[in-house]
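# Coordinates in review
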Amino acid sequence: MNRHVGTRKTDMNKAIIACLVMTAFSCSSIDALGKELIVYSEVPGVEASDQYIFAIRKVGASGPWHRPFAFITKCKKGIEGKNNYFPHLSNWSNTYINFEMNGPVEIAIRKVSGKPIQQAAVHPRKKAMSCTVRDGDAYVVIEKPCLIAVDIDGQMDDQNTGKGYQGPPIHTLTIFANPLIENRPKLDDPNVRTVKPGDDAPSEGDWKTLYFLPGVHDIGVGFPVHANRNYYIPGDAVVHGTMSNHGKWNDGHNIRIFGYGVLSGSKLAHPRFASPKPTEAKLHDPIHIVGATNTSVEGITLADSAHHSLMLVSGYEPESPTDMRWLKIFTWRANGDGINPFGNGLIEDCFIRTQDDSTYVNGRGIRRVTYWNDYNGSTFVLSALPNRKIVVEDCDVIYARAGWNNWSGGRLFNMRGEGNGPCGEGVVFRNIRVEDPRPTLQHFMIAMQGLKPYSDPSQRKRGAGDLSGILFQNVEIAAPSVLGEPDVLWGAADAQILNLTFDNVTIGGKKLTSLDHFKHNQHVRNMRFK
């Protein structure tokens, strides 16, 4: 045993106790330490996680540990036909922290119950310098900003939590180490309008930036956002409700929603079960903006979305970009999709854990995104696939679980007989890693029409137009389906699958070398394997 462990353990104990009783330090006081580590220690009006507590310090620092506030998002008890929460996930939770860093840090993790942690593993694995357990606490060292999960005591890694799972609720945790925000709004800026917890947030006024002060806010359903304005949610603020520009295509440009705070849907019902019901289901989307050119959403956590999490609608206009960066998304309900980039969105450096579809492949690209599915939904939905160059790269799927199997959704790559028109030319998936040792379903379900037992061919059929030209390159999948489900390529007479290239694609350590790997039909031709 390292001779310094006892001393470090004592210091850690003292730090945790001190952090629990000390007056929470403010963001500004941490800024004074060199702007290398910004920790949000208290969120007024929010109850901290009952599962885990954390401490953090700069690597090599001789000063004290700091205690980041531990948020928790919980899956309510699922009642079929009543609330759209999945019963399979009832009472599951995820604890998470957000902080800002610019240099290596060490994070300590402890169970609130006091029970010792026996083992811990970081995912994606490559993003941590180390992960160790010492005297019942876990310690993670990271070198640069990243969004990671830490599996505690093998809750996810060592058991199958997908179809057939009947064990106790799973309580996971994630660490969101964000880059420092440059030029954050200043409270004394005359163009900044602050909103105190409990006050009504203005949608109009002579301000450029709306700043939600620390604490809990409720903006209701469909809070109006407007062109040429900023909305700042700092890491010690929680905003309940949804944001929308209400379908006004000339009022969605130059909008920035940013910060490391939380936009929560936990107080909202799924639109199907809301009372009164919204005039449109999309009003329960956490963020829905049309005409979203030169618009961005950055950094915030979207927790327990009642409907599709992020909808920035715009046609392909790369000179007027739509950007989504460093976002964290947790959903527990059906229709709790992640991000649809539509024609113009770029998705970078996000963490997406959803119980419906995670991302639709469209827009300007997807880079460095971490994915996690527990019960329902696909990682990459191909229904809106363009017929132009788009690159999806350097993405990690840490868990690919599902609660059922005989349906057309789910899977890593999913074309489920929807949409129409030719697609795929210039589309590249490269450097994609699936770490899950127990994925529930097959990874390829590229079906231009339905096939049994997954869907009825008479009811599910994509419109005319071939899928052609996709390159799958350096795709490393740790394991095949635990249910033995076969990978599928299934074309149609007027919607064939042509000219796909599989370059260094491996599943369970075995490289794909021929079409024989797939369940396929006569409408699949000219596959290349390298």
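Residues numbered from 1 in each chain as written. Predicted model: local features only at pLDDT ≥ 70, side-chain atom pairs only at ≥ 80, totals over all residues. Heavy atoms only, no water.

### Thoughts on the nonpolar core
Formed by 71 residues in total, the largest nonpolar core has its most connected members in Ile 287, Phe 380, Phe 429, Leu 467, Phe 472, Leu 489 and Phe 502. Examining the composition of this core, we find that five residues originate from one element, strand S31 (residues 390-400), more than from any other. Setting aside anything within four residues of it in sequence, one finds Phe 502 in contact with Phe 444, Phe 472, Leu 489, Leu 512, Phe 518, Met 527, Arg 528, Phe 529 and Lys 530. Membership of the second largest hydrophobic core comes to 27 residues, among which are Leu 89, Ile 170, Val 262 and Trp 326. (Core = buried A, V, L, I, M, F, W, Y, C linked by side-chain atoms within 4.5 Å. Buried < 20%, exposed > 50% of the residue type's maximum accessible area, 1.4 Å probe, protein only. Helix = DSSP H or I, 4+ residues; strand = E, 2+ residues; numbered from the N terminus. Contact = heavy atoms within 4.5 Å.)

### What to know about the packing of aromatic side chains
Applying the stated rule across the entire model yields 29 aromatic pairs. Ring geometry for Trp 207 and Tyr 231: centres 6.0 Å apart, planes at 80 degrees, overall edge-to-face. One end of the pair, Trp 207, is in the loop between strand S11 (192-195) and strand S12 (209-212); the other, Tyr 231, is in strand S14 (residues 230-232), and 24 residues separate them in sequence. Across the pair, exposure class does not vary: Trp 207 and Tyr 231 are buried alike. With a centroid separation of 5.2 Å and an interplanar angle of 75 degrees, the aromatic rings of Tyr 371 and Phe 380 are classed as edge-to-face. For the pair Tyr 371 and Phe 380, a shared accessibility class is recorded, and that class is buried. Members of the aromatic cluster, joined through ring pairs, are Tyr 371, Phe 380, Phe 413, Phe 429, Phe 444, Phe 472, Phe 502, Phe 518 and Phe 529. The ring of Tyr 139 has Arg 134 lying over it, and the distance from NZ or CZ to the ring centre is 3.8 Å. One Lys or Arg, Arg 411, reaches over the ring of Trp 407 and ends 5.2 Å from the middle of that ring. (Phe/Tyr/Trp six-rings, centres within 6.5 Å; stacked < 30°, edge-to-face > 60°. Lys NZ or Arg CZ within 6 Å of the ring centre and 35° of its normal.)

### Some remarks on the pairing of strand S19 (residues 295-298)
Pairing between strand S16 (residues 256-258) and S19: three bridges, direction parallel. Within the sheet, the bridge partner assigned to Ile 257 lies in S19 and is Val 297. (Pairing = 2+ DSSP bridges.)

### Examining the pairing of strand S15 (residues 237-244)
Most of S15 sits inside the fold, with eight of its eight residues counted as buried. Both faces of S15 are covered, namely the face carrying Ala 237, Val 239, Gly 241 and Met 243 and the face carrying Val 238, His 240, Thr 242 and Ser 244. One ladder, built from three bridges, connects S15 with strand S17 (residues 262-264); its direction is parallel. In the strand pairing of S17, Val 239 is matched with Leu 263. For S15 and strand S18 (residues 287-290), the ladder comprises two bridges, and the chain directions are parallel. Directly across from Ser 244, in S18, lies its bridge partner His 288.

### Re the confidence of the model for the chain
Predicted confidence across the chain gives a mean pLDDT of 93, with 94% of residues reaching 70 or more. pLDDT under 50 marks residues 1-33. Its contacts with residues more than four places away, or in other chains, come to 43 contacts. (pLDDT = per-residue confidence, 0-100.)

### Here's the deal with the sheet that holds strand S8 (residues 137-142)
Across the sheet, four strands lie side by side as S2-S5-S8-S7; this open sheet has antiparallel pairing. Two strands lie at the open edges of the sheet, namely strand S2 (52-58) and strand S7 (130-134), each paired on one side alone. On average, each strand axis in the sheet is tilted by 20 degrees relative to the strand beside it, whichever way the strands run. Examined bridge by bridge, S2 and strand S5 (residues 105-111) share seven bridges and lie antiparallel to one another. Pairing of Ile 53 across the sheet is with Arg 110, part of S5. (Axes fitted to C-alpha atoms, helices over the stretch in contact; angles between N-to-C directions.)

### Examining the sheet that holds strand S38 (residues 497-498)
If you trace the three strands from one edge of the open sheet to the other, you get S35-S38-S42, paired in parallel fashion. At either end of the open sheet lies a strand with only one pairing partner, and these are strand S35 (467-468) and strand S42 (524-525).

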